[in-house]
Every structure is written in C-alpha cells, then in structure tokens.
Amino acid sequence: MGRFATMTSQRERAVRFRALHHGDVPLLLPNPWDVGSAKVLATLGFQALATTSAGFAGTLGRRDGRVTRDEAIEHSRVIVGATDLPVSADLEGGFADDPDGVAETVRQAIGAGLAGCSIEDAAGHGNGAIYDHGLAVERVIAAVEAARSTDEFVLTARAENFLHGRSDLADTIARLQAFQEAGADVLYAPGVASADDIRAIVTSVDRPVNVLALPGAPTVAELGAIGVARISVGSGFSNVAIGALVAAGRELLETGTYDFWKTAGVGMTMARQAFDA
C-alpha cells in the first residue's frame, strides 16, 4: 500500500474530509492523476486529494469524458491506496443518465474507499449536454440516498453551466440551491471565476462551496475572505506536468540543449522523498 498508507477506514477518512470543509481557511484540494503525483502532493503537505477525470484520462491517452465507470472506480481505488489522505473522486456525470445508475456509481465509490465524490449535472462522454433541472435534481437525490448508506461520505453536486458555454449565474445558483435541498454536502460551479459571481453563490447557499482555481480567479486568501470552503485545481496540475514535458521535448529537438534538467532536478529530489524504496 506504500509508506503513506495505513489501515485507516473509509469512514475515518470521510469524517476527516468533512471536517476539513469547516476550517478557518479554505481546504486546498489538489488533483493527482496517478500514484506518483498523489504521493508527491501528500509529501508537500496537502491534507486531502481529489481525482481528476481529465488528468486520469490523459494517462490513458484519452480526452476527458472517455473513461468508463469501471476504469474510474478502479483508478479511485488506486489513489485511495497511495496515501493515508482522504480522497474524493471526480466521477463526471455519474456514468449514467438515470438516477438509479448514478446511485450505483456512488455505491461503488464508497466501496472503493473514497471519502467523497462529485456528480455533475452534465452528461458525460464529451457531449456536454446539461440535464434538465428536474432530472438533475433527481440524480442528486439518488446520489445522496446512496451516500447515506455509510456515515460521513461527502457528496459534492456540480452545476456545469459555465464550463459548457452557459454563463447563466441565476440558473446556476438555482441549481445549486436545489442540490442543497436534495441533500448535497458541498456545492460546486466550476468555471465561475469572478469575485462577484463567487460571492453571489456563497451568499445564496448554506453549504460549503468549492471553487476551481482558474487564471484570473481570486487568490486563496481572497476566496477565503469571500467564504469559499474548498479550492481545487481540476486538470491544472496534470496539464502542468504535460506542459513541462512538452517544453523539455522541444528543447531537446529544437536547440539540442539540456536546461530541462533544472526542472528535472527538482523532480528527482522530490521523488527521493515521496516514493518508496
């Protein structure tokens, strides 16, 4: 299981994860894409982790939305086993259109040892269709009922409007409020980046709110002052890794120099700290 992992139970991790949403500062929730990145982030001092659907798909040479439920659940199980930190999973739209299918996905997430998961109100497999408001709420209700089969599992409900070209703040807030009434523990509208819009969301609900760290978004300190409870990076860190690889590859191909070792040296030092012998 690795030197970070112990026999901490799923419930113990979930209890810890829930408590982290109620601290004095936002919970910083980075998104590893494999065992190595999970161990590095744990070594750096993060208190919890979340999977990234896009980052994981990238490890398979696929675009976001192109993994199956079985693959996502097994990947979640692997990340859970990499460290002793609580892990939440990005389970896209629940890998089903119907509420029963979403509930089954949540049950499998609990079985994988996860402390929580997120469910989107957009269909998966890359088509980006936003579910009708009524069906979106029914899906969250089903997810919440499945989550309540165990204590403390943290269910995050996501309103995807802003990621799919629908910059409708009023509808986004209405959806988040409905998801709150359905029993979701955390509310998340990825793509919302302005301080005013984020403040409008936070003041419209009484559940912890997650914000996706995007270029131009308020800083961690500013988000904390607004009342944001959790900040995640989505595919950001995995794309940083790909970007560094692109830069190193181009340097070797185009200039024939080796300055990439400056960055590689940082990685080598961390690997010695984070990885098993």
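Here goes a summary of the coordinates provided.

Parameters at a glance
Residues numbered from 1 in each chain as written. Predicted model: local features only at pLDDT ≥ 70, side-chain atom pairs only at ≥ 80, totals over all residues. Heavy atoms only, no water. Patch = residues over 30% accessible without salt bridge, like charges linked within 9 Å, V, L, I, M, F, W, Y side chains within 5 Å. Areas by Shrake-Rupley, 256 points an atom, 1.4 Å probe, with all protein chains shown as cover. Salt bridge = Lys/Arg side-chain N within 4 Å of Asp/Glu carboxyl O. Helix = DSSP H or I, 4+ residues; strand = E, 2+ residues; numbered from the N terminus. Buried < 20%, exposed > 50% of the residue type's maximum accessible area, 1.4 Å probe, protein only. Arc of directions from axis to C-beta. Contact = heavy atoms within 4.5 Å. Pairing = 2+ DSSP bridges. Axes fitted to C-alpha atoms, helices over the stretch in contact; angles between N-to-C directions. 1 Å grid on protein atoms, 1.4 Å probe; cavity = no way out; pocket = protein on both sides within 12 Å on 5 of 7 lines; lining within 4 Å. Points joined across faces, edges and corners; volume = space filled by probe spheres on them. Nonpolar A, V, L, I, M, F, W, Y, C, P; charged D, E, K, R; others polar.

### Quick look at a nonpolar patch on the surface
Working step 1: Together, L252, Y258, W261 and M268 make up a nonpolar patch on the protein surface, roughly 460 Å² of accessible area in all.
Working step 2: Residue placement: W261 occurs in helix α11 (residues 261-274).

### Considering helix α8 (residues 195-204)
Working step 1: When we look at burial in α8, the residues that qualify are I198, I201 and V202. In an axial view of α8, the angular spread of the buried residues amounts to 95 degrees, which keeps them on one side of the axis. With respect to the buried face of α8, the exposed residues turned more than 90 degrees away are D196 and T203.
Working step 2: Residues of α8 that are buried in the fold lie against α7 (169-182), β7 (209-212) and α9 (220-226).

### Quick notes on the sheet that holds strand β8 (residues 230-232)
Working step 1: The sheet built from eight strands is open, its strands ordered β1-β8-β7-β6-β5-β4-β3-β2 with parallel pairing. Among the strands making up the open sheet, the edge pair consists of β1 (27-29) and β2 (49-50).
Working step 2: Both strand β4 (residues 116-120) and strand β5 (residues 154-158) contribute to a ladder of five bridges, which runs parallel. Opposite S118, over in β5, you have T156 as the bridge partner.
Working step 3: Set on the sheet, α7 makes contact with β5 and β6 (186-188); between it and β6 the angle comes to about 160 degrees.

### Description of the pairing of β4
Working step 1: Counting buried positions over the five residues of β4 gives five, a clear majority of the element.
Working step 2: Residues G116, S118 and E120 line one face of β4 and the alternating positions C117 and I119 line the opposite face, and both faces are buried.
Working step 3: Two elements, strand β3 (residues 87-90) and β4, share three bridges in a ladder whose sense is parallel. The residue bridging S88 from the neighbouring strand is G116, located in β4.

### Observations regarding the layout of surface pockets
Working step 1: Here the largest pocket is characterised by a volume of approximately 840 Å³.
Working step 2: As for the largest pocket, its lining consists of 25 residues, of which W33, A241, A244, T263 and G267 are closest to the centre.
Working step 3: Looking at the lining of the largest pocket, the elements with two or more residues in it are α2 (35-44), α10 (236-255) and α11.
Working step 4: Of the residues forming the lining of the largest pocket, the biggest block, eight residues, is contributed by α10.
Working step 5: Tallied by class, the residues present in the lining of the largest pocket amount to 17 nonpolar, four polar and four charged.

### Some details on unusual backbone geometry
Peptide bonds are trans in most cases, and residues, glycine excluded, mostly fall at negative phi.
Working step 1: The phi dihedral of E92 is positive, around 50 degrees, even though this residue is not glycine.
Working step 2: Along the polypeptide, E92 turns up in the loop between β3 and α5 (99-111).
Working step 3: Of the residues examined, E92 reaches a relative accessible area of 5% and is grouped as buried.
Working step 4: Even without glycine at this site, E152 takes up a positive phi of about 75 degrees.
Working step 5: Looking at where E152 falls in the secondary structure, it is placed in the loop between α6 (133-147) and β5.
Working step 6: Residue classification places E152 among the partly exposed residues on the basis of a relative accessible area of 28%.

### Focus on the environment of P86
Working step 1: The residue P86 is located in the loop between α4 (69-82) and β3 in this model.
Working step 2: Between the C-alpha atoms of P86 and R62, which are 24 residues apart in sequence, the distance is 26 Å.
Working step 3: Discounting chain neighbours no more than four positions away, the residues touching P86 are R13, R16, F17, Q47, A48, L49 and A115.

Remember, this is a structural readout, not a statement about activity or role.
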